[in-house]
Amino acid sequence: MKVLDRKLLRDLGRMKGQVITIAIVVACGIAVFVSALSTYDSLWQSQQDYYATARFAQVFAHVKRAPTPLVHQVREIPGIAEVEPRLVYEVTLDVPGVAAPVVGRMIGVPTGGQPTLNRLYLRRGRLIDAARAHEVVISEGFALANHLNPGDQIAAILNGRRQELEIVGVVLSAEYVYAIRAGDPLPDNRQFGIVWINHDTLASAFTMEGAFNNVVLTLAPRASEPAVLATLDRLFTPYGGLGAYGRDHQLSHLFLSEEIRQQEVMATTMPPIFLAVAIFLLHVVLGRIVTGQREQIAALKALGYDNLTVGLHYLKLGCLIVMVGSLFGVVLGAWLGRLMTANYVDFFRFPILAFRVQPWLPLLGIGVGLLSALVATVSAVRRVMVLTPAEAMRPPAPPRYRHTLIERLGFVRWLSPQGRMVLRHIGLRPGRALMTTVGIALAVPILVLAFFWQDAIAYMMTVQFFAIDRGDATVTFTEPVTRRALREIEQLPGVMQVEGVRAVPVRVWAGHQSYRTAVQGLPPHATLRRVLNDQLQPIPIPTDGLLLTDRLGERLGLRPGDRVVLEALEGTRVRREVEVTQLVNDIFGMSAYMEIHALNRLMSEGEAISSVSVAVDPAHEEELYARLKQLPKVATVSLKRRALASFRETVAKFVLVFTGILTVFAVAIAVGVVYNNARVALAERAWELASLRVLGFTRAEVSTMLLNELAIELLAAIPFGLWLGYWFVVAIGSHHQAEMFRIPAVIAPRSYALAALVILLAGVGSALIVRHRIDHLDLVSVLKTRE
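Here is a short report on the structure shown in this document. (Residues numbered from 1 in each chain as written. Predicted model: local features only at pLDDT ≥ 70, side-chain atom pairs only at ≥ 80, totals over all residues. Heavy atoms only, no water.)

**Quick word on the sheet that holds strand β2 (residues 80-86)**
Strand pairing in a sheet relies on backbone hydrogen bonds, with the paired strands running either antiparallel or parallel.
Step number 1: Strand order across the open sheet formed by 4 strands is β2-β10-β1-β11, with antiparallel pairing between neighbours. If you trace the sheet from one side to the other, it starts and ends with β2 and β11 (245-246), each paired once.
Step number 2: Relative to β11, strand β1 (residues 59-67) runs antiparallel, the two sharing 2 bridges. Looking at the pairing, V59 lines up with G246 of β11. (Pairing = 2+ DSSP bridges. Helix = DSSP H or I, 4+ residues; strand = E, 2+ residues; numbered from the N terminus.)

**Some points on helix α15 (residues 430-441)**
Step number 1: With 12 residues, α15 extends 16 Å from end C-alpha to end C-alpha; this agrees with the ideal 16 Å at 1.5 Å per step.
Step number 2: All of the buried residues along α15 are A433, T436, T437, G439, I440 and A441. (Expected span 1.5 Å × (residues − 1). Buried < 20%, exposed > 50% of the residue type's maximum accessible area, 1.4 Å probe, protein only.)

**Describing the nonpolar core**
Step number 1: In terms of nonpolar packing, the biggest core is built from 88 residues, with M270, L449, F665, I669 and I759 touching the most fellow members.
Step number 2: Filtering out sequence-adjacent residues up to four positions away, F665 remains in contact with C28, A31, V32, F274, L332 and L336. (Core = buried A, V, L, I, M, F, W, Y, C linked by side-chain atoms within 4.5 Å. Contact = heavy atoms within 4.5 Å.)

**Things to note about the pattern of salt bridges**
Step number 1: Applying the stated criterion across every chain yields a total of 19 salt bridges.
Step number 2: The partner of E135 in a salt bridge is R132, and the shortest N-O contact between them spans 3.3 Å.
Step number 3: For D233, the salt bridge goes to R507, with nearest N and O atoms at 3.6 Å. Residue D233 is located in helix α6 (residues 225-236), and its partner R507 is located in strand β13 (residues 495-510); the two are separated by 274 residues in the primary sequence. (Salt bridge = Lys/Arg side-chain N within 4 Å of Asp/Glu carboxyl O.)

**Quick look at the packing of aromatic side chains**
Step number 1: On inspection of all chains with the given rule, the structure shows 13 aromatic pairs.
Step number 2: Ring geometry for Y344 against F348: centres 5.7 Å apart, planes inclined by 25°, an arrangement best described as stacked.
Step number 3: Counting every residue linked through ring pairs, the aromatic cluster contains Y51, F56, F60 and Y245.
Step number 4: A cation over an aromatic ring shows up here: K640 above the ring of F466, its NZ or CZ 5.0 Å from the ring centre. (Phe/Tyr/Trp six-rings, centres within 6.5 Å; stacked < 30°, edge-to-face > 60°. Lys NZ or Arg CZ within 6 Å of the ring centre and 35° of its normal.)

**Topic: the packing of helix α9 (residues 294-302) against helix α10 (residues 307-343)**
Step number 1: Close contact between α9 and α10 brings their axes to 9 Å; oriented N to C, the two are set at 140°. Here α9 lies oblique to α10, going by the angle between them. At the point where α9 passes α10, the crossing takes the right-handed sense. Between α9, through I297, L300 and K301, and α10, the contact on the second element is made entirely by N307, V310 and Y314. (Axes fitted to C-alpha atoms, helices over the stretch in contact; angles between N-to-C directions. Parallel < 35°, antiparallel > 145°, perpendicular 65-115°, else oblique. Left-handed = near helix turned anticlockwise from the far one by under 90°.)

**Some thoughts on the packing of helix α2 (residues 16-54) against helix α7 (residues 251-269)**
Step number 1: Packing of α2 against α7 brings their axes to within 8 Å, and their N-to-C directions diverge by 155°. On the basis of the axis angle, α2 is roughly antiparallel to α7. Classified by chirality, the crossing of α7 by α2 is left-handed. Residue-level contacts link V32, F33, A36, L37, T39, Y40, L43, W44, Q47 and Y51 of α2 to H253, L256, S257, I260, Q263, E264, M266 and A267 of α7.

Dropping the structure here:
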């Protein structure tokens, strides 16, 4: 072994505590990088593989009723490869053991039980038998949430008639990897399920023989999707077409793609913080080593080692520390990535959600780590290379201490001699003190971000379900009905308050831009379904005009006072120009709102409603739900309480894992910065502290002088870090904004307090380790003077 290599190993052994803490910080950064990118890659690859094997459709369209021969005209549209017409209806299900009505989306499948497009993946049981009209297969999430198995019975209200159905299989569908209803802010597998049934059975129940109301299709290579969508819209308009849309607007695909994108954002925003702290720590430690080994550097050069060889020795030292951290980070990142990918099983239903780490990813992670090492060590290596043997043999000039600003301002009488010494030492190297403060502060945003997700989700749930949507259930009808239905619902047992809502699917046109959404018609003084401003105060619904969510307004480039064209996608498909009166800050969806009577006038209809928001007396809840199941005009009943319970069960586990990971990483940063700077300060001031011990200072007094300096830096770092944490959350939130929801930058005081407390505890733990070293200083060896 070469002499310099033996020296390198001895240096690493002497500073093993600092080596470990720096390596851990590096490992945290590389672990976040590897875990986020590997999770992103695993989700993306699972999505692509499943879409290909399931032959997932690229275009979707819904009509009221179209004759089957129309499919031949659809096939002749340029750019279309395959077409599959089908029947799709939302119905009320009666599930054994579940008192409340359950929403089922019934999809007709051809003879043989396997569609041509959006093919089913069989998990359990078998596919339906064409000879048995009342067999069904159900989605896996719905089956698990309601404890349903092949052989169980459920009932469905098909066009007002109750039909008993037998479950023969549990399946997955690429169309419902993330099963959520349009208009619902949250998925709820307990209350919403997908049911596949024989096409002829569904057609007979809804009198749709020789017709279809839904079509899915794929495109030929290099086909123009906008041109195909426009042609489909023209073709389906006479048949009550609701507007064709591409895969990018299909709900399941939209949510899945947003989550994949957010993993990519995390991989590019989090690791730089950890690597910046690692660069700072490595820079400080190597700088201290070079200062403390001036005589050794001089001796090496005097013995014939050239500048490059000595410089590479110290570069090798930094790279070795980072290499250890990077290797551990790759292993840790692969484990965390597997853990995060496994958590997605409760959200996304894939046949195989296989975790993988691409061979290039560990190499990239190690390369990023080594690049950080080069950045951190370049200053120390440059000092080594320019240091001449004669200059290195001389001890460094003693520092010149000066009165600090606090002393010059007259506060000296409140400072003890030890306090003045602490302040003067900080003033001697203000740059290092500032960098230490910044390094500790960088740990705080990680903690704030960890606790922020809990705050944001709690805020979103509170605002959406208790401030905006204050009803307990939403009853949706099979088609628009008169307000007499509102009075009938009001007379049911357990109903305390009702409000009618008219929802119209529309395409909003702003010049050449458009967006497909729904206009919600609300009563003038609605209390169960409200529109709120930024201060969570109700916004009056204008008697004439349109309210848009701010994200929809931004997408279409609209401001209050602009005029848009609303093209209704149902009924006579009227087109009306209306004025945008205000933009509102909704959390979920990109919607529009009008006063219900104004919307009825726009549609040239009477006092029609599509759904009813209901406030329910808990004492009569089950009786009410039993009556609702029997109403023929009721298509679905959505229950807020069940949706919230389902969401909390699935999200709580995911957030807990994510918060725990970030908390551990933040503590690693705090301990790494505090401990390393304490060790550097101890190494630089060991002679001074030992001298004070000899002069009669107690161990506690000597320790206090050093630890007070660290305490000042720690206390200065926390408020700065909390401020950084807020803006870090704002930046992360802006990158995580999705089309279907907005993540508000809401941080509870409790989260700030917890972040500060964790940093303080990390600092105290590091201080105790340093205090132990101070108490066990070897005064004789420390006070020896090297000549």
